[in-house]
Amino acid sequence: MNYNAGVGSTEPAYSADEVMAVEAARRLTSDNVCFVGVGLPSLAANLARRTHAPGCVLVYESGTIGAKPTRLPLSIGDGELAETADSVVSVPEMFAYWLQSGRIGVGFLGAAQIDRHGNLNSTVIGDYDSPKVRLPGGGGAPEIATSVDDVFVMLRHTPRAFVERLDFKTSRGDRVRVVVTDLGILEPRDGELALVRVHRGVSVDEVRAATGWELAVAPELGETAPPTADELAALRGLEAA
């Protein structure tokens, strides 16, 4: 999906992944210590460091603390993460000392499924003993979900992902503060996720149609600001590098 690509538009066109990365990046500050995963979370966190949050400390599961990559890392094992890090520790130390002790404030998570309470499934689709799809599993996600102060979820918004009931609960949603999707922004309200922002050109009906439960809509529903030319330039510079 591309946004603002219509004839006569004076704004730059951008993709669904780009609007998701920008929206997540805007929620980070230079005061954050952020546990980063690969893909969109890494793109968002590195975009924040390149733009408005240069002091944001990036921590990767491989054990790199304070990584400052000049390009988008290929994986958590990318050599540039270690080369540019303030410190490199073992994975057991990363989880036991840095994560589980509360030294990391923000953690990014993705999943195959999410429910109205922000619980996540990255284990199986279907019955556990005989699943339709066996997913990569929890990895460090359960520890991240219960150890950081604020969980940011990034997920494509489809009925297959936003479900009434998880096939398996991998991670608890107690600390999910925001869910950034390609249609809008969800935040917890009265114990369940509610739609608080839509992206430009997206209707509430579209978001509800892509959600497997009766999605609540916040009274203060608004529209996200489109990515700026500077944000897109920084984002595409990371990807090109």
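The structure contained in this document is the topic of the report that follows. Owing to the predicted nature of the structure, the values given are computational and were not obtained by experimental measurement.

About the cut-offs
Residues numbered from 1 in each chain as written. Predicted model: local features only at pLDDT ≥ 70, side-chain atom pairs only at ≥ 80, totals over all residues. Heavy atoms only, no water. Phe/Tyr/Trp six-rings, centres within 6.5 Å; stacked < 30°, edge-to-face > 60°. Buried < 20%, exposed > 50% of the residue type's maximum accessible area, 1.4 Å probe, protein only. Helix = DSSP H or I, 4+ residues; strand = E, 2+ residues; numbered from the N terminus. Lys NZ or Arg CZ within 6 Å of the ring centre and 35° of its normal. Pairing = 2+ DSSP bridges. Right-handed = clockwise from strand over helix to strand, strands pointing away. Expected span 1.5 Å × (residues − 1). Arc of directions from axis to C-beta. Contact = heavy atoms within 4.5 Å.

**What to know about the packing of aromatic side chains**
Reasoning step 1: Per the counting criterion, the structure on display carries 5 aromatic pairs.
Reasoning step 2: Where Y97 meets W98, the ring centres are 5.2 Å apart and the plane angle is 85 degrees; that geometry is what we call edge-to-face.
Reasoning step 3: W98 gets classed as partly exposed once you look at its relative accessible area, which sits at 25%.
Reasoning step 4: Ring centres 6.1 Å apart and planes at 35 degrees place the aromatic pair F162 and W213 in the tilted group. With F162 in the loop between β12 (150–154) and β13 (176–180) and W213 in the loop between α6 (204–209) and β16 (216–223), this pair connects stretches of sequence that are 51 residues apart.
Reasoning step 5: Sitting over the face of the ring of Y97, R103 holds its NZ or CZ atom 3.8 Å from the ring centroid.
Reasoning step 6: We note R134 situated over the ring of Y128; from NZ or CZ to the ring centre the distance is 5.3 Å.

**A few points about the pairing of strand β15 (residues 192–198)**
Reasoning step 1: Counting buried positions along β15 gives 5 out of 7 residues, so the element sits mostly inside the fold.
Reasoning step 2: Bridge count for strand β14 (residues 184–189) against β15 is 6 bridges, and the pairing is antiparallel. In the strand pairing of β15, I185 is matched with R197.
Reasoning step 3: Counting the residues in the hairpin turn of β14 and β15 gives 2 residues, including D190, whose phi is positive at 55 degrees.
Reasoning step 4: With 4 bridges connecting them, β15 and β16 associate as parallel partners. What sits directly across from V198, in β16, is E223.
Reasoning step 5: Chirality of the crossover, the property in question, places the unit of β15, α6 and β16 among those that are right-handed.

**With respect to helix α7 (residues 229–240)**
Reasoning step 1: Taking 1.5 Å as the rise per residue, α7 with 12 residues should run 16 Å; its terminal C-alpha atoms sit 16 Å apart, in good agreement.
Reasoning step 2: Within α7, burial applies to E231, L232, A234, L235 and L238. Taken end-on, α7 shows its buried residues confined to a sector of 165 degrees, consistent with a single buried face. Those residues of α7 that are exposed and angled more than 90 degrees off the buried face are A229, D230 and A240.
Reasoning step 3: Where α7 is buried, its residues contact β2 (14–15), α1 (16–25) and α2 (40–50).

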